[in-house]
Amino acid sequence: MSGLHHPTRRAVLAAALALPPLVQARAAAAHVVVVGGGFGGATAARYLRRHAPGVRVTLVEPAERFYTCPFSNLVLAGLRSWDSIGHGYAGLRAAGVEVVHARAEDVDASARTLRLSTGQLMRWDRLVLSPGVDMRWDALEGYGEAAAQQAPHAWKAGAHTLLLRRQLQAMEDGGTFVMAIPDNPFRCPPGPYERAAMVAHYFRQHKPRSKLLLLDAKDHFSKQALFQQGWKALYGDMIEWVGQKDDGQVMRVDAARLEVETAFGTRHKAAVLNVIPPQKAGFIAARAGVTDASGWVPVKAESFESRQVAGIYALGDATIAAPMPKSGFAANTHGKVAAAAIAADLLGLPAPTASYANTCYSLIGPGYGISVAGVYRAEGGKLVEPAGSGGVSPLDASADYRAAEARYGDAWYAAITTDIWGG
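Numbering of residues begins from 1 in every chain and follows the order in which that chain's sequence is written. Restriction of local features to residues with pLDDT of at least 70 applies here, the model being predicted, together with a cutoff of 80 or more for giving and counting side-chain atom pairs; totals for whole chains, interfaces and linings are based on all residues. Side-chain figures throughout are based on the complete set of non-hydrogen atoms in the structure, without hydrogens or water.

- Named according to an unreviewed UniProt entry, the chain is Cytochrome C originating from Pulveribacter suum.

## Some words on the sheet that holds strand β14 (residues 250-254)
Line of reasoning, step 1. Only strands that DSSP links by at least two bridges are regarded as paired with each other. Numbering of helices and strands runs from the N terminus, with a helix taken as a DSSP run of H or I at least four residues long and a strand as a DSSP run of E at least two residues long. Read from one edge of the open sheet, three strands run β14-β15-β16, paired in antiparallel fashion. Every other strand in the sheet has two partners, leaving β14 and β16 (267-269) as the edge strands with one partner each. Taken over all neighbouring pairs, the strand axes of this sheet differ in orientation by 25° on average, direction set aside.
Line of reasoning, step 2. Sheet topology note: the β14/strand β15 (residues 259-262) ladder contains four bridges and is antiparallel. Residue pairing for β15: Val253 is matched across the bridge by Val260. Here an angle of 0 to 180 degrees is reported between the N-to-C directions of two axes, which are lines fitted to C-alpha atoms, with helices fitted over the stretch in contact.

## Structural notes on the side chain of Thr68
Line of reasoning, step 1. Inspection of the secondary structure puts Thr68 in the loop between β3 (66-67) and α4 (72-77).
Line of reasoning, step 2. Definition of a polar contact: a pair of N or O atoms within 3.5 Å, with one able to donate and the other able to accept a hydrogen when the atoms are protein atoms, and with sequence-neighbouring residues admitted only if both atoms are side-chain atoms. A distance of 2.7 Å separates a polar atom in the side chain of Thr68 from the backbone oxygen of Pro70.
Line of reasoning, step 3. At 2.7 Å, the side chain of Thr68 and the side chain of Tyr413 are in polar contact.
Line of reasoning, step 4. Should any heavy atoms of two residues lie within 4.5 Å, those residues are considered in contact. Those residues in contact with Thr68, other than ones at most four positions away along the chain, are Phe39, Ile85, His87, Ala157, Tyr413 and Trp421.

## Considerations on the packing of helix α7 (residues 191-206) against helix α8 (residues 224-235)
The angle between the axes and the distance between the axes are what describe a pair of packed helices.
Line of reasoning, step 1. Remark: α7 packs on α8, axes separated minimally by 11 Å, with the N-to-C direction vectors making an angle of 0°. Between α7 and α8, the angle falls in the class roughly parallel. Note on element contacts: α8 touches α7 through Phe227, Trp231, Leu234 and Tyr235, opposite Tyr193, Glu194, Ala196, Ala197, Ala200, His201 and Arg204.
Line of reasoning, step 2. Polarity classes work like this: nonpolar for Ala, Val, Leu, Ile, Met, Phe, Trp, Tyr, Cys and Pro, charged for Asp, Glu, Lys and Arg, and polar for all others, with Gly in that last group. For the contact of α7 with α8, the class distribution of residues is eight nonpolar, one polar and two charged. Any angle that is under 35 degrees is reported as roughly parallel, and any over 145 degrees as roughly antiparallel; angles of 65 to 115 degrees are reported as roughly perpendicular and all others as oblique.

## Regarding the UniProt feature "domain: Flavocytochrome c sulphide dehydrogenase flavin-binding" (unreviewed entry) in the chain
Line of reasoning, step 1. UniProt positions are given in the numbering used here, feature names are shortened, and annotations may be inferred rather than shown by experiment. As annotated in UniProt, the feature "domain: Flavocytochrome c sulphide dehydrogenase flavin-binding" (unreviewed entry) corresponds to residues 352-421 in the numbering used here.
Line of reasoning, step 2. Counting secondary structure, residues 352-421 comes out at 33% helix and 40% strand; the distance between its end C-alpha atoms is 24 Å.

## Some remarks on helix α11 (residues 399-421)
Line of reasoning, step 1. Counted at 1.5 Å a residue, the expected span for α11 with its 23 residues is 33 Å, and the 33 Å between its end C-alpha atoms agrees.
Line of reasoning, step 2. The rule is simple: take the accessible area with a 1.4 Å probe, protein chains only, and divide by the maximum for that residue type; under 20% is buried, over 50% is exposed, in between is partly exposed. Of all the positions in α11, only Arg402, Ala403, Ala404, Glu405, Ala406, Gly409, Trp412, Tyr413, Ile416, Thr417, Ile420 and Trp421 are classed as buried.
Line of reasoning, step 3. At the exit of α11 stands Gly422, carrying a positive phi of roughly 85°. Given a helix with a known number of residues, its expected span is that number minus one, times 1.5 Å.

Here it is, written out as structure tokens:
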């Protein structure tokens, strides 16, 4: 459903193999370095090897095992184990990708070098950045890295996810889970609302007198009617959502007291406080000079090459790719398109025509899934969503329909993680 159509992939490889030996040799001498081993970067590395087997591809990723944000909410609910959302890099190594476990520290775009936390200076002919997001620690008064140890964001699957899970388990029945939700753009637009459902599921099973208060910096959110219908059907009045116009925008955080203060001065006390702050592209993007004043990376819609620095490509959540959302599926698509574009560029072939797709599945409860899908193309240097494409799950669907969507979500996760990491 995503990236380039399979005949185009085969055509790129077939054309490459038919090139004169001198051209093939020049391409084989090229080195593509990919930073970030998540949905975008790992996809780009794998598909570069597929399109241009002679090109040297190195993936730089500090973690030896990557834990996905998709399905991490299910860990909070107790519906998934932590290990089930972790993926290693043996499959990429088997595909011929060199994997270096180190942190990318700096980029010299003019010298075409990448400096690693090990001190190694890595030279590249093309650089692909898929660094995900960093938190804007200065965006909410009182909320920084230290405060996040008491009021975790859990918006990067890892230690914060496990901390939030422990806090939920330790919370007394009858307490209130308070979530602060940022304005757009941010990673995974439906994510906070799925998280609310998963926490409500946990409460229903273990702490039935507890409540959830969602304080939102906006008045509308992804799949809103579907989420609210599902919350009501499964959890009654357990979840309260407050939009920006009704004083839902959090301005200050007191993590020590587990309190937040809204724009109108209202204070809310939590038993467990989950603050999701505004975000920006992962820091290496700024070091490479590819971010703009927004903190995100503007890219060319046809290839996801940076609009600001030639030879550097950016993928996934770090990019400005509206109307595509910041999602794992979208990042996977970006990686496939960028890989084909880079391979064609290095091999002196015509640039392939790109197509993009995205589907976001959300689980509201066991056997109750919803989704939103979109199709996109490059037009005039921008991404556009053709009229009549995509769509969302219907309201008032049958129980069988919701159960099928939940199964589709599970199948999507199994398929995309196999596609990227090899299982």
